[in-house]
Amino acid sequence: MLIEQDIAEVVVQRRSEAWRSTYYYPSSTVTLESIGLTVAVEAIYERVDNADMRVFWAEFTGY
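The residue numbering used here restarts from 1 in each chain and proceeds along that chain's sequence as written. Given that this is a predicted model, residues contribute local features only at a pLDDT of at least 70 and side-chain atom pairs are listed and counted only at 80 or more, while totals for whole chains, interfaces and linings are drawn from all residues. Neither water nor hydrogens contribute to the side-chain values; these are computed over all heavy atoms in the structure.

A. Local environment of the side chain of Arg 14. Counting from the N terminus, the helices are DSSP H or I runs at least four residues long and the strands are E runs at least two residues long. You can see Arg 14 is positioned in the loop between β2 (10-13) and β3 (21-24). In this structure Arg 14 is buried but unpaired, with Glu 17 as the nearest side chain of opposite charge at 4.4 Å. Leave out the neighbours within four places in its chain, and Arg 14 touches Trp 19, Arg 20, Thr 22, Tyr 24, Thr 31 and Glu 33. Each residue gets one of three labels from its accessible area relative to the maximum for its type: buried under 20%, exposed over 50%, partly exposed in between, using a 1.4 Å probe on protein chains only. This count recognises Lys and Arg as positive and Asp and Glu as negative, with His and chain-terminal groups excluded. Criterion for a salt bridge: a side-chain nitrogen of Lys or Arg within 4 Å of a carboxyl oxygen of Asp or Glu. We call two residues in contact when some of their heavy atoms are within 4.5 Å.

Below is the structure:
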């Protein structure tokens, strides 16, 4: 699982899927089957507050 620091993007690579990258963005949920966890992308970034993320969220939400 790779969590981008400048935009809200999560990349998951699974051995069971030949290490193919699956990308997740806001309004998505990520399921980590090996530990039985499902989490919303927004929850991962909930407390991130930096200039890049403020710009990203403004562009993403249109505000």
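B. Inspection of the pairing of strand β5 (residues 37-40) at higher detail. Whether two strands pair comes down to DSSP finding at least two bridges between them. Summarising the sheet, strand β4 (residues 29-32) and β5 pair through four bridges and their orientation is antiparallel. Paired with Thr 31 across the two strands is Thr 38, which belongs to β5. In sequence, β4 turns back onto β5 through a hairpin of four residues, with Gly 36 there showing a positive phi of about 65°.

C. Focus on the packing of aromatic side chains. When the centres of two rings from Phe, Tyr and Trp lie within 6.5 Å, Trp using its six-membered ring, the rings pair. Their planes under 30 degrees apart give stacked, over 60 give edge-to-face, and anything left gives tilted. Here the structure, examined in full by the defined rule, presents one aromatic pair. Measuring from ring centre to ring centre gives 5.6 Å for Phe 56 and Trp 57, while their planes differ by 70°; the resulting arrangement is edge-to-face. For Trp 57, a relative accessible area of 22% puts it in the partly exposed group.

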